[in-house]
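Spelled out, the chains give:
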Amino acid sequence: MKFAKIRIIFAAISIASCSTNPNWWKPNGYLFTMMPKGGSPGYNLGWRHGCQSGLGTQFAGAIGMTFYTWSRDVDIVSSKPNIEAVKDRYKKELKDINWNDPKDIKQNFSDYNLVFFDAYNFCRQTALGTLRATVGAPPVPGETRYDPGSANIGDIWKVGGAYDSRIGSTGYW
Amino acid sequence: MIKLFKALIILLFFTTSSCRWFSGDATDNFLRNFNIPNPPGSPNFKKGFKHGCSQILYSRGNFFYRAMFGYQYDTSLNYNKDYRFGYKRGYNACFISIIASKMPSFDKALFPAGGGNDIGMGFYNQTDYDATSGMFDGILNSGFGGDVGGVVDNVGGGVLNANPLWAGGSKGQFFGQ
């Protein structure tokens, strides 16, 4: 009985993070938990869209492209934003925006644009970094296709691959 | 004997007080052990530089870097020009540094091996590494009772087959430089 309670508590704690990070089950989904705190609703949405877009590029490989895609919202980034469409589309994400205050709307849309490519770069570089540390540089069109059978997930912890940081190998140590 | 000991302590104090690790601004000391210049500038610029650098070192570094760095960003400074400028500068500076990693040993520059990816002086040799067994192999193998290194050894050298701290191995080498 005691163990059952502990198991329930453990399970509750384990799945508690799922509600805050809907991408937890996707490859590189943990990156979404690294979004900085304290941003406006527009900033947070821009960060998520940027990260999704970065992970949906070829830098993250076919697996990344399967789970993510380009997500930049044209109605927000347009020089003439479609406020009504945005308001309807992100009822939950942008609920804290005061839609009656043009200044607040403008500020949030500006935050969205500011952070989008920061997050895009971070997430795509992280996905690429993981790939390079494990299977090497992803192939470009014309090269031999990547063979998953030639790599191993344990190579993430390989110290002698790309970005070797041991003494005597890099300029950092 | 006690006098000598005291003198030694005083000498040690004066020596270490000038050490970079103990001087300077504590907010940017994460760059102290790295070969990346710590740029002069306003506090916001420095903070931005640190955040940008930390971000790309996490992204493109191996698990050592990922253990030390992470995504850092101060949302309250979104529109601070110094912060944003420093952030971009830090990102770019450290990006160039990390993708150009695997700086070879000094002795290899003096005595180019002429093999692998050597071009000219041998400065860019990225293949000629010592295949010394890793220090964890024995521990893990005895702990798990099997060849753990072999399990994850599909591409070139295995995860556990390399020395995690030392990539050199040539004689006459001081910290690989």
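Residues numbered from 1 in each chain as written. Chains lettered and ligands numbered in written order. Predicted model: local features only at pLDDT ≥ 70, side-chain atom pairs only at ≥ 80, totals over all residues.

(A) Inspection of the overall build of chain A at higher detail. In terms of helices and strands, chain A carries six helices and zero strands. The secondary structure elements of chain A, listed N-terminal to C-terminal, are α-α-α-α-α-α. For chain A, the residues scored as buried account for 38% of the 173 residues in total. At a minimum sequence separation of 6, the contacts of chain A that also span at least 24 residues come to 58%. (Helix = DSSP H or I, 4+ residues; strand = E, 2+ residues; numbered from the N terminus. Buried ≥ 20, exposed ≤ 12 C-beta atoms within 10 Å, placed from the backbone. Contact = placed C-beta atoms within 7 Å.)

(B) Summary view of the overall build of chain B. Within chain B, the secondary structure is distributed over seven helices and zero strands. In chain B, the share of contacts with a sequence separation of at least 24, taken over all contacts with a separation of at least 6, comes to 53%.

(C) Fine view of helix H2 (residues 43–60) of chain B. The first and last C-alpha atoms of H2(B) sit 26 Å apart over 18 residues, in line with the 26 Å expected at 1.5 Å per residue. Across the 18 residues that make up H2(B), a large majority, 16, are buried. (Expected span 1.5 Å × (residues − 1).)

(D) Just the nonpolar core, in detail. Residues A:Cys51, A:Tyr112, A:Ala119, A:Cys123 and B:Leu57 are the most contacted members of the largest nonpolar core, which totals 40 residues. Listed by contribution, the elements that provide at least two residues to this core are helix H2 (41–55) and helix H6 (102–134) of chain A together with H2 and helix H4 (81–99) of chain B. Here this core gets 12 residues from one element, more than from any other, and that element is H6(A). Ignoring anything within four residues of it in the chain, the contact list for A:Tyr112 reads A:Gly42, A:Tyr43, A:Leu45, A:Gly46 and A:Ile76. (Core = buried A, V, L, I, M, F, W, Y, C linked by C-beta atoms within 7 Å.)

(E) Highlighting the packing of H6(A) against H2(B). Running from N to C, H6(A) and H2(B) point in directions that differ by 35°, and their axes come no closer than 7 Å. Of the residues in H2(B), those touching H6(A) at A:Phe122, A:Gln125, A:Thr126 and A:Gly129 are B:Gln55, B:Ile56, B:Tyr58, B:Ser59 and B:Arg60. Tallied by class, residues from the contact of H6(A) with H2(B) come to three nonpolar, five polar and one charged. (Axes fitted to C-alpha atoms, helices over the stretch in contact; angles between N-to-C directions. Nonpolar A, V, L, I, M, F, W, Y, C, P; charged D, E, K, R; others polar.)

(F) Region of interest: the packing of H2(B) against H4(B). All names here are of chain B. One can describe the packing of H2 onto H4 by two numbers: an axis separation of 6 Å at closest approach and a directional angle of 35°. Read as a crossing pair, H2 and H4 show a hand that is right-handed. Looking at the contact of H2 with H4 residue by residue, the class counts come to 14 nonpolar, seven polar and eight charged. (Left-handed = near helix turned anticlockwise from the far one by under 90°.)

(G) Fine view of the confidence of the model for chain A. Per-residue confidence for chain A gives a mean pLDDT of 83; residues scoring 70 or more make up 76%. Within chain A, the lowest mean pLDDT, 68, falls on helix H1 (residues 2–20) of chain A, and the highest, 96, falls on H2(A). (pLDDT = per-residue confidence, 0-100.)

(H) Broad picture of unusual backbone geometry. Residues and elements named next belong to chain A. Backbone geometry places Asn28, a non-glycine residue, at a positive phi of 65°. With respect to the helices and strands, the residue Asn28 is situated in the loop between H1 and H2. Residue classification places Asn28 among the buried residues on the basis of 20 C-beta atoms within 10 Å.

(I) Region of the structure containing the environment of A:Gly61. Its location among the elements puts A:Gly61 in helix H3 (residues 61–67). With 20 C-beta atoms counted inside 10 Å, the residue A:Gly61 sits in the buried group.

(J) Molecular detail of the confidence of the model for chain B. All names here are of chain B. Of all residues in chain B, 42% have pLDDT values of 70 or greater, and the mean over the chain is 61. Across chain B, H2 holds the top mean pLDDT of 90, while helix H6 (residues 137–144) sits lowest at 33. The low-confidence segment residues 102–159, where pLDDT is below 50, has 97 contacts with residues more than four positions distant or belonging to other chains. Segment residues 168–177 is flagged for pLDDT under 50; beyond a separation of four residues in sequence, or across chains, it makes 23 contacts in the model. Scored by ipTM, the complex comes to 0.81, with pTM at 0.66.

(K) Quick peek at the environment of A:Arg72. Residue and element names in this part refer to chain A. With respect to the helices and strands, the residue Arg72 is situated in the loop between H3 and helix H4 (74–77). A residue is classified by how many C-beta atoms lie within 10 Å of it, and Arg72, with 16 of them, is partly exposed. Linking Arg72 and Leu45, residues 27 residues apart in sequence, is a C-alpha distance of 9.8 Å. Discounting residues that sit within four places of it in the chain, Arg72 has contacts with His49, Ser53, Val77 and Phe116.

(L) Looking closely at H4(B). Its 19 residues place the ends of H4(B) 27 Å apart at the C-alpha level, agreeing with the 27 Å of an ideal helix rising 1.5 Å per residue. Tucked into the core, H4(B) has its buried residues touching H2 of chain B.

(M) Summary view of the environment of A:Pro22. Within the element layout of this structure, A:Pro22 appears in the loop between H1 and H2. Linking A:Pro22 and A:Phe32, residues 10 residues apart in sequence, is a C-alpha distance of 8.8 Å.

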